[in-house]
Amino acid sequence: MIMLRHFLDDFMSFVPLQMPQLLNVATMEEPQFYGDYVLLTFPLRDPYDLEEVMDIFEDDMELITLYHHVPVGLEKSGHSTCAYSNPAFGQMFKMNARTDADGKVNRVIATVYDSLELMYGDLSLDLKLHTGNGSFKYKKELEDVLLDFM
């Protein structure tokens, strides 16, 4: 738990400064600790299109996009993305965003990990959970994700 607190403190001191339009610490919900990781929910002051959020992840933080998923039969809601920090940079977190009924992203969820193994496993699970119930506009292959962790 001590290491997780350390990684959370590192995340909070750096990442919100890089994406202030998405990660406002003043409106952030209470962190939820789960032993090896912590979930952080950031309600957005202004809703964004999913593509705008993806651009911010990539351009402002150089996050690696895991997927852009479009569910079956839903025009606006349920579109989602996941991006993660490059393990070579020494930080271990992923960011998830999903459109609501209005077709806009109204919150961003960050997961901060205390080990690379757990992070890789969670990214693998995230990909698996989205496979089969829609289509991917973009999907990074699991073998390529693994290469990021070597």
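Basis of the calculations
Residues numbered from 1 in each chain as written. Predicted model: local features only at pLDDT ≥ 70, side-chain atom pairs only at ≥ 80, totals over all residues. Heavy atoms only, no water. Helix = DSSP H or I, 4+ residues; strand = E, 2+ residues; numbered from the N terminus. Rg over C-alpha atoms; globule rule 2.2 N^0.38 Å. Buried < 20%, exposed > 50% of the residue type's maximum accessible area, 1.4 Å probe, protein only. Contact = heavy atoms within 4.5 Å. Areas by Shrake-Rupley, 256 points an atom, 1.4 Å probe, with all protein chains shown as cover. Lys, Arg positive; Asp, Glu negative; His and termini not counted. Charge placed at Lys NZ, Arg CZ, Asp CG, Glu CD. Core = buried A, V, L, I, M, F, W, Y, C linked by side-chain atoms within 4.5 Å. Patch = residues over 30% accessible without salt bridge, like charges linked within 9 Å, V, L, I, M, F, W, Y side chains within 5 Å. Salt bridge = Lys/Arg side-chain N within 4 Å of Asp/Glu carboxyl O.

Draft legend 1. Representation of the overall build of the protein within the structure. Within the protein one finds 4 helices and 7 strands. When the helices and strands of the protein are placed in sequence order, the string is α-β-β-α-β-β-β-β-α-β-α. Relative to its length of 150 residues, the protein is compact, with a C-alpha radius of gyration of 15 Å against a globular reference of 15 Å. On the principal axes, the C-alpha backbone points of the protein span a range of 45 × 35 × 25 Å. The buried share of the protein, taken over its 150 residues, is 42%. Pairs at least 24 apart in sequence give 60% of the contacts found in the protein among residues at least 6 apart. As presented, the protein carries roughly 8000 Å² of accessible surface, and 54% of it is formed by carbon and sulfur atoms. Put simply, the protein has 11 plus and 25 minus side-chain charges, and the middle of one group is 6 Å from the middle of the other.

Draft legend 2. Layout of the nonpolar core. One finds Phe11, Met19, Leu22, Leu23, Phe57 and Met95 to be the most contacted residues of the largest nonpolar core, which totals 40 residues. Of all the secondary structure elements, the ones that give two or more residues to this core are α1 (2–18), β2 (37–48), α2 (50–61), β3 (64–71), β4 (80–84), β5 (93–99), β6 (105–113) and α3 (116–130). Considering each element in turn, this core owes the most residues, 6 residues, to α2. Setting aside residues up to four positions removed in sequence, methionine 19 forms contacts with Ile56, Phe57, Asp60, Met61 and Met95.

Draft legend 3. Region of interest: a nonpolar patch on the surface. On the surface, Leu146, Leu147 and Met150 cluster together into a nonpolar patch covering about 340 Å² of accessible area. Within the element layout of this structure, leucine 147 appears in helix α4 (residues 142–148). The exposure class of leucine 147 is exposed, given its relative accessible area of 53%.

Draft legend 4. How the structure looks around the environment of glutamate 62. Tracing the backbone through its elements, the reader meets glutamate 62 in the loop between α2 and β3. On the basis of relative accessible area, glutamate 62 is assigned to the exposed category, the value being 54%. Not counting residues up to four positions away in its chain, the partners in contact with glutamate 62 are Phe57 and Phe89.

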